[in-house]
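The chain contents come next:
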Amino acid sequence: MANSLNDKYKILFVCLGNICRSPAAQAIMQKYIDERGLQNKFEIDSAGLYGGHAGELPDKRMRVHARQRGYVLEHRSRPVTESDFNEFNLIVAMDDSNYSRLKSLAPTVEDEEKVVRMIDYVKNFPQFHSVPDPYYEGAEGFEIVLDLLEEGCSSLLSSLNKNQGEKV
């Protein structure tokens, strides 16, 4: 799973601006990891493909909706870098555009294989083919994104545990 027995398995969540979906996914996954006592096994981060929000906190609307569910979003936006492909074991894209861009940015074929879609871990919302960007939506858009990310993060963590024989 990780590179050696002492290494953590590193997951990077990516959306366009790193102010809505990916920082929410980061906080949700971190909470699930903390609840299971797996902090020494994982490292979670998020980034965006657009660097215009670099250094900013997540969108206030996302922070409010996330806080209502018990998640604290304190991550500061940052752009994806080429070194992320070396640093992370798994890079999780929020939509097909993010997925395609990440695949094209990957320096090697092995790095391309690290890129997956978040929606592939979501089974109870068949009407969605990606995690939609709630930025131009109302409150319902943020709630739907959080629903999708909760299920996706839970499923992803279970998948990693299963694939590693419950060693993570």
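All chains use their own residue numbering, which begins from 1 and follows the written sequence. Restriction of local features to residues with pLDDT of at least 70 applies here, the model being predicted, together with a cutoff of 80 or more for giving and counting side-chain atom pairs; totals for whole chains, interfaces and linings are based on all residues. Calculated side-chain values reflect all of the structure's heavy atoms, with hydrogen atoms and water omitted.

Draft legend 1. Layout of helix α1 (residues 21-35). Secondary structure is summarised from DSSP: a helix means a run of H or I of at least four residues, a strand means a run of E of at least two, and numbering begins at the N terminus for each. Helix span is expected to be 1.5 Å times the residue number reduced by one. End to end, α1 covers 21 Å across 15 residues, agreeing with the expected 21 Å (1.5 Å per residue, within 8%). α1 sits mainly inside the fold: eleven of its 15 residues count as buried. Looking at α1, one finds that the buried residues are R21, S22, P23, A24, A25, Q26, A27, I28, M29, Y32 and I33. Where α1 ends, the next residue or the one after it, G37, has phi of about 65 degrees, a positive value. Buried, partly exposed and exposed residues are distinguished by accessible area as a fraction of the type maximum, computed with a 1.4 Å probe on protein chains only: under 20%, between the cut-offs, and over 50%, respectively.

Draft legend 2. Main features of the confidence of the model for the chain. Residues at a pLDDT of 70 or more form 93% of the chain, whose mean pLDDT is 93. Predicted confidence is poor over residues 1-5, with pLDDT under 50, and the contacts of this stretch with residues over four places away or in other chains come to eleven contacts. The predictor reports its confidence for every residue as pLDDT, a score running from 0 up to 100. Here, residues are in contact when the closest pair of their heavy atoms is within 4.5 Å.

Draft legend 3. Geometry of the side chain of H75. Assignment of secondary structure puts H75 in the loop between α2 (60-68) and α3 (83-87). Judged by relative accessible area, which is 14%, H75 ranks as buried. Of the polar contacts made by the side chain of H75, one reaches the side chain of N18; its length is 2.8 Å. N or O atoms within 3.5 Å of each other form a polar contact, as long as, within protein, one can give a hydrogen and the other can take it, and as long as residues adjacent in sequence are counted only when both atoms are side-chain atoms. One polar contact links the side chain of H75 to the main-chain carbonyl oxygen of S46, over a distance of 3.2 Å. Setting aside residues no more than four positions away along its own chain, H75 makes contact with N18, P23, Q26, D45, S46, E56, L57 and P58.

Draft legend 4. Spotlight on the nonpolar core. For our purposes a nonpolar core is just a set of buried Ala, Val, Leu, Ile, Met, Phe, Trp, Tyr and Cys residues, chained together by side-chain atoms within 4.5 Å. Counting 38 residues, the largest nonpolar core has I11 and F13 as its most contacted members. Of all elements in the fold, only β1 (9-15), α1, β2 (42-48), α2, β3 (90-93) and α6 (139-163) reach the threshold of two or more residues within this core. It is α6 that contributes the most residues to this core, nine residues altogether. Once residues lying within four places of it in the same chain are set aside, the contact partners of I11 are M29, F42, E43, I44, D45, F88, L90, V92 and L160. Grouped together as the second largest cluster of nonpolar side chains are 13 residues, L12, A47, L49 and Y99 included.

Draft legend 5. The arrangement of the packing of aromatic side chains in detail. Classification of ring pairs uses Phe, Tyr and Trp, with its six-membered ring standing for Trp, and accepts pairs whose centres are within 6.5 Å; under 30 degrees between planes counts as stacked, over 60 as edge-to-face, and the remaining range as tilted. Applying the stated criterion to the full structure yields three aromatic pairs. Taking 6.1 Å as the distance between ring centres and 85 degrees as the angle between the ring planes, the aromatic pair formed by Y9 and F42 counts as edge-to-face. Of this pair, Y9 sits in strand β1 while F42 is found in strand β2, placing the two residues 33 residues apart along the sequence. Aromatic pair F125 and F128: ring centres 6.4 Å apart, planes at 65 degrees, arrangement edge-to-face. Geometrically, a charge over a ring is one whose NZ (Lys) or CZ (Arg) sits within 6 Å of the ring centre while staying within 35 degrees of the ring normal. Directly above the ring of Y99 sits R117, whose terminal nitrogen or CZ lies 3.6 Å from the centroid.

Draft legend 6. Spatial organisation of the pattern of salt bridges. We define a salt bridge as a contact between a side-chain nitrogen of Lys or Arg and a carboxyl oxygen of Asp or Glu at a distance within 4 Å. Scanning the model with the defined rule gives eleven salt bridges in all. Here R78 makes a salt bridge to D45, at a shortest N to O gap of 3.1 Å. Of this pair, R78 sits in the loop between α2 and α3 while D45 sits in strand β2, placing them 33 residues apart in sequence. A residue is classified by how much of its surface remains accessible, and D45, at 17% relative accessible area, is buried. Close ionic contact of D84 with R78 constitutes a salt bridge, the shortest N to O distance being 3.0 Å. As far as the burial class goes, D84 and R78 line up, both buried.

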